[in-house]
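# Summary of structural features
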Amino acid sequence: MTCSSTMAAPRTADAGTPVAGAARPFHPIHVHVRVRLRDGGSVLLRPLVGGEVSVLETVFEGLSTRSRRQRFLVPMPRLPSGHRRALADVDGERHVAWVALVDGMPVGICRYVTTGPGAAELAFEVADAQQGRGIASVLVDAVTTVARSRGITWMEATVEPGNVASEAVLARVGIELFLSDGLLEGRGELRPASPSRVNRRAVLALAGQDASSASTAAATSSS
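Here is a short report on the structure shown in this document.

With their axes 9 Å apart at the nearest point, helix H1 (residues 53-61) and helix H3 (residues 81-88) run at an angle of 115° to one another. When the axes of H1 and H3 are compared, the crossing they make is right-handed. Here H1 contributes Val53, Leu56 and Glu57 to the contact with H3, which in turn contributes Arg84, Leu87 and Ala88.

Written out as structure tokens, the structure is:
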């Protein structure tokens, strides 16, 4: 399941299993919010730390060709260096991203990037092997919870036509999509997903922690 963001792939540029040996080492962060998924499993959520390129690459390598095209709107056999830099350039305010982990491995990312006062663009991707479990929904719930706390009241997104699962996730937070130049684009007043898929207090507590102290605290939730 993927939802595109124009900040990651300008328009002028674009379910399987990850390729063997694709995962690369990444710096572990020991603070997380644990969320129970609808299939009885669980996923850990945490903020992406600026410069965590290896996490981006691990999730990207878990996307099929189709999922990569849906996420970046163009064919994307590999993640260009410019995209890696832009996607890893998170600051916790203007650009916020959270990562989902299953069995210690990154499997999904959701982010927003501000586009103006009180407005931001939303994007997410989940590795094909983990799609259908509700991971996109919990990631979007966590990231939009942070967005509202940062004064974001309007959210926009772009989706490839036929991406029904992503359309449903976006509709839950108030984004209505319309066909425009061959893509589904939309903007809506941000509303809390109901029912909540995450412990929002835990999410906000973790979002507010300084990165230097991130390994000394933990937050858990079940939904």
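Next comes the rest of the write-up.
So, on to the packing of helix H4 (residues 135-149) against helix H6 (residues 200-207). Interaxial distance between H4 and H6 falls to 10 Å at its minimum, and their mutual angle equals 65°. Regarding the angle of H4 to H6, the classification is roughly perpendicular. As for the relative orientation of H4 and H6, their crossing is right-handed in sense. Between H4 and H6, the residues in contact are Asp141, Ala142, Thr145, Val146, Arg148 and Ser149 and Arg200, Val203, Leu204 and Ala207, respectively. Of the residues in the contact of H4 with H6, the class split is 5 nonpolar, 2 polar and 3 charged.

On to the nonpolar core. Leu45, Trp98, Tyr112 and Met155 are the most contacted members of the largest nonpolar core, which totals 43 residues. The greatest single-element share of this core, amounting to 9 residues, is contributed by H4. The contact partners of Leu45, leaving out residues within four places of it in the chain, are Val31, His32, Val33, Val35, Trp98, Val99, Ala100, Val138, Leu139, Ala142, Val198 and Leu206. Within the second largest apolar cluster, 16 residues are counted, among which are Leu48, Phe72, Val74 and Val90.

Right, let's talk about unusual backbone geometry for a bit. Backbone torsion omega between Ser194 and Pro195 reads 0°, so that peptide bond is classified as cis. Tracing the backbone shows Pro195 in the loop between strand S9 (183-189) and H6. Of note, Leu73 is a non-glycine position whose phi angle comes to about 70°, a positive value. You can see Leu73 is positioned in the loop between helix H2 (65-72) and H3.

All right, on to H3 then. Given 3.6 residues per turn, any residue in an α-helix points the same way as the ones three and four places further on. Among the residues making up H3, those that are buried are His83, Leu87 and Ala88. One side of H3 carries all its buried residues, which in axial view fall inside an arc of 120°. Residues of H3 that are buried in the fold lie against H1, H2, strand S4 (95-102) and strand S5 (105-116).

The rules behind these values
Residues numbered from 1 in each chain as written. Predicted model: local features only at pLDDT ≥ 70, side-chain atom pairs only at ≥ 80, totals over all residues. Heavy atoms only, no water. Axes fitted to C-alpha atoms, helices over the stretch in contact; angles between N-to-C directions. Helix = DSSP H or I, 4+ residues; strand = E, 2+ residues; numbered from the N terminus. Left-handed = near helix turned anticlockwise from the far one by under 90°. Contact = heavy atoms within 4.5 Å. Parallel < 35°, antiparallel > 145°, perpendicular 65-115°, else oblique. Nonpolar A, V, L, I, M, F, W, Y, C, P; charged D, E, K, R; others polar. Core = buried A, V, L, I, M, F, W, Y, C linked by side-chain atoms within 4.5 Å. Buried < 20%, exposed > 50% of the residue type's maximum accessible area, 1.4 Å probe, protein only. Arc of directions from axis to C-beta.

These values are about where atoms sit, not about what they do.
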